[in-house]
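What follows is each chain in one-letter form.
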Amino acid sequence: MRQEPVEEDLWDLLESNRTKPYGEKSNGGKLKLPMRPDPQLSGAPRIHRDPSKIPPCIRGPLRGVCRGETPWPVTICGDPGTGKTRAALVVADFVHGSQWFTWDDFVRKCNTATSGKLSVQVGTEDKIFDWERWWRYLDQSHLLVLDDVGCRGVVSEAAYEVMKTALDRREGRGLIFTTNLDVNKIADIFDARVADRLAAGTLINATGGSLR
Ligand SMILES: Nc1ncnc2c1ncn2[C@@H]1O[C@H](COP(=O)(O)OP(=O)(O)OP(=O)(O)O)[C@@H](O)[C@H]1O
Ligand SMILES: [Mg+2]
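We now turn to the structure provided with this report. In this text, all values refer to a predicted model and were calculated from it rather than measured experimentally. (Residues numbered from 1 in each chain as written. Chains lettered and ligands numbered in written order. Predicted model: local features only at pLDDT ≥ 70, side-chain atom pairs only at ≥ 80, totals over all residues. Heavy atoms only, no water.)

## What about the packing of helix α4 (residues 103–114) against helix α6 (residues 157–169)?
Quick note on the threshold: Axis definition: a line fit to C-alpha positions, over the contact stretch in the case of helices; interaxial angles, taken between N-to-C directions, run 0 to 180 degrees. Counting from the N terminus, the helices are the DSSP runs of H or I reaching at least four residues and the strands are the DSSP runs of E reaching at least two. The scheme is simple: roughly parallel for angles under 35 degrees, roughly antiparallel for over 145, roughly perpendicular for 65 to 115, oblique for anything else. By the convention used here, residues are in contact when the closest approach between their heavy atoms is within 4.5 Å. As a working rule, the residues Ala, Val, Leu, Ile, Met, Phe, Trp, Tyr, Cys and Pro are called nonpolar, Asp, Glu, Lys and Arg charged, and the rest polar, with Gly in that last group.
Orientation of α4 relative to α6, taken along the N-to-C sense of each, is 95 degrees, at an axis distance of 10 Å. When the interaxial angle is binned, α4 and α6 end up roughly perpendicular. On the side of α4, the interface is formed by W103, F106, V107, C110 and N111, while α6 contributes A158, A159, V162 and M163. Of the residues that constitute the contact of α4 with α6, the class distribution is eight nonpolar, one polar and no charged.

## Notes on the pattern of salt bridges
Stated formally: Here, a salt bridge means any side-chain nitrogen of Lys or Arg that lies within 4 Å of a carboxyl oxygen of Asp or Glu. When a residue's accessible area, from a 1.4 Å probe over protein chains only, is under 20% of the maximum for its type it is buried; when over 50% it is exposed; and in between it is partly exposed.
Summed over all chains, the structure comprises nine salt bridges. E132 serves as the salt-bridge partner of R136, at 3.6 Å between the closest nitrogen and oxygen. With R136 and E132 both in helix α5 (residues 131–139) and four residues apart, this pair spans about one turn of that helix. Residue class for E132 comes out partly exposed when judged on its relative accessible area of 34%. Linked through salt bridges whose partners overlap, the residues forming this network are E132, R136, D139 and R169.

## Brief notes about the side chain of S141
Within the element layout of this structure, S141 appears in the loop between α5 and β5 (143–147). You can call S141 buried: its relative accessible area is 6%. Apart from the residues within four sequence positions on either side, S141 is in contact with G97, Q99, R170 and R173.

## A few points about the environment of G150
Relative to the assigned elements, G150 resides in the loop between β5 and α6. A sequence separation of 25 residues divides G150 from E125, and the C-alpha atoms of the two residues are 32 Å apart.

## Considering the site of ligand 1
Let me state the cut-off plainly: Proximity is defined per residue: any heavy atom of the residue falling within 4 Å of a molecule or strand makes that residue near it. Pairs of N or O atoms are called polar contacts if they sit within 3.5 Å, as long as, within protein, a hydrogen donor faces a hydrogen acceptor (for residues adjacent in sequence, only side-chain-to-side-chain pairs). The Shrake-Rupley method, run with a 1.4 Å probe sphere, supplies the accessible areas, and residue values consider only the shown protein chains as cover.
Taken together, 15 residues sit near ligand 1, with G81, K84, T85, R86 and N180 positioned nearest. A distance of 2.6 Å is found between an oxygen atom of ligand 1 and a side-chain nitrogen or oxygen belonging to K84. Within the backbone of R86, an N or O atom sits 2.9 Å from an oxygen atom of ligand 1. Calculation on ligand 1 without its partners gives an accessible area of 630 Å², and the protein chains cover 85% of this total. Within the shell around ligand 1, the residues separate by chemical class into three nonpolar, six polar and six charged.

## Focus on α4
Formally: One less than the number of residues in a helix, times 1.5 Å, gives the span that helix is expected to have. Here the arc refers to the set of directions running from the helix axis out to each C-beta atom.
Spanning twelve residues, α4 covers 16 Å between terminal C-alpha atoms, matching the ideal 16 Å at 1.5 Å per step. Taken together, the buried positions of α4 are W103, F106, V107, C110 and A113. Within α4, the buried residues cover an arc of 120 degrees as seen down the axis, which keeps them to one side. Looking at the packing, one finds that the buried side of α4 touches β2 (98–102), β3 (118–122), β4 (125–129), α5, β5 and α6. Just past α4, the residue G116 takes up positive phi, approximately 75 degrees.

See the structure below:
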């Protein structure tokens, strides 16, 4: 004879220690990145970068987060010329399956995806992505680098949406921002929710003046 399910009070059940947490375990936002032994350019620009020239103020904290010692996302803040872009490029070169974009280009790509028309080369094929497929494609990458966030100090609704989506979809996964803004300014031009998510990750202050 089929047994009817026993009706149980939801809260009795939740407090009974018989239920388990759901979703991927985040380890406090920390995750070690898989590195490859030889660098590969992927879609990043070909400008010169030298791992040995990453300034110490960036090197130490960036190494820590890549090793899973401090939480993602990483925000490298600092004045022009302090080595932020090159440091992020070095990491992208050595991480298997990384994606690198300038912030403005990434927002443009996301906008095109919103209208279902983003063309992306996957292997030898060009594929057309909408917003969801585009983010699902990016989900497969171990690292997403977004260079020069908020460089003109204005944020459109679309750019806000992109920032919030990147932060929430890549929670506890490889995500590096570089910016000339400090976190207070980011809170001004985005909002407190974005600033709070960045502050929960690893903030790196690139100091020491321009290396140009
Ligand atoms: N790791 C590195 N390898 C080679 N050159 C470097 C490196 N780091 C800094 N430099 C030198 O410093 C200059 C500035 O570096 P980079 O472009 O990374 O600065 P940035 O902080 O991104 O500047 P901006 O805020 O203007 O974008 C480079 O043009 C290069 O000459
Ligand atoms: Mg730069």
